[in-house]
Amino acid sequence: MQRLIIVGLVIGCCGCDSHHGVRRAAVRGKVTLDGEAIREGSIAFYPSGDAKGPVAGGTVENGRYSIPGDSGPVIGSNRVEIHAWRKTGRKVQMERAEPGTLIEEMVDVVPQRYFTSPLMAEIRSGKNTFDFELTSR
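So, here is what we can say about the structure in this document. Residue indices begin from 1 for each chain and proceed along its sequence in written order. Restriction of local features to residues with pLDDT of at least 70 applies here, the model being predicted, together with a cutoff of 80 or more for giving and counting side-chain atom pairs; totals for whole chains, interfaces and linings are based on all residues. Excluding hydrogens and water, the side-chain values take into account all heavy atoms of the structure.

Here we look at the packing of aromatic side chains
The criterion for an aromatic pair is that two Phe, Tyr or Trp rings (for Trp, the six-membered ring) have centres within 6.5 Å, with stacked assigned to planes under 30 degrees apart, edge-to-face to planes over 60 apart and tilted to the rest. Enumeration over the complete set of coordinates arrives at 2 aromatic pairs. Consider the rings of Phe45 and Tyr65, whose centres lie 6.3 Å apart with planes at 45 degrees: the pair is tilted. With Phe45 in strand S3 (residues 40–47) and Tyr65 in strand S5 (residues 64–67), this residue pair connects regions lying 20 residues apart in the sequence. Exposure is judged per residue with a 1.4 Å probe applied to protein chains only, and the accessible area is read against the type maximum: over 50% gives exposed, under 20% gives buried, and values in between give partly exposed. A relative accessible area of 3% places Tyr65 in the buried class. Between the aromatic rings of Phe130 and Phe132, the centroid separation amounts to 6.5 Å while the plane-to-plane angle is 25 degrees, which identifies the pairing as stacked. We note that Phe130, like Phe132, is buried. In this scheme, the term charge over a ring applies when either NZ of a lysine or CZ of an arginine sits within 6 Å of the ring centre and within 35 degrees of the ring normal. A cation over an aromatic ring shows up here: Arg79 above the ring of Tyr46, its NZ or CZ 4.3 Å from the ring centre. For the purposes of this entry, the term helix denotes a DSSP run of H or I that reaches at least four residues, the term strand denotes a run of E that reaches at least two, and both are numbered from the N terminus.

Listed below in structure tokens is the structure:
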């Protein structure tokens, strides 16, 4: 459930462009963790420094992501946030559901250090490709 909320917020923000005239660009790439494709996750680009505008984001599926130019990240420096979920094998109570409504527990496996020392991407006009090779060590 937490995963759906995060993805919903990231994707929902993409359509909330109250900054008219913001220059955006398409971005795509691969995301791995310890050499393996991230099966299920999200990616978000947060403008930083002189870059101003809305957050852009999308899903990561089977190690790949793609965000079209009309909803892509703002041109300039962007902080990149990646989340990846794995099943724990446990069933947990679904939030805001009737008691006994269980779902598979998912945990974010991206190491916390990637949020305290963030990934960065310099977005340029046109198409951009950024591959992120994360490690758990």
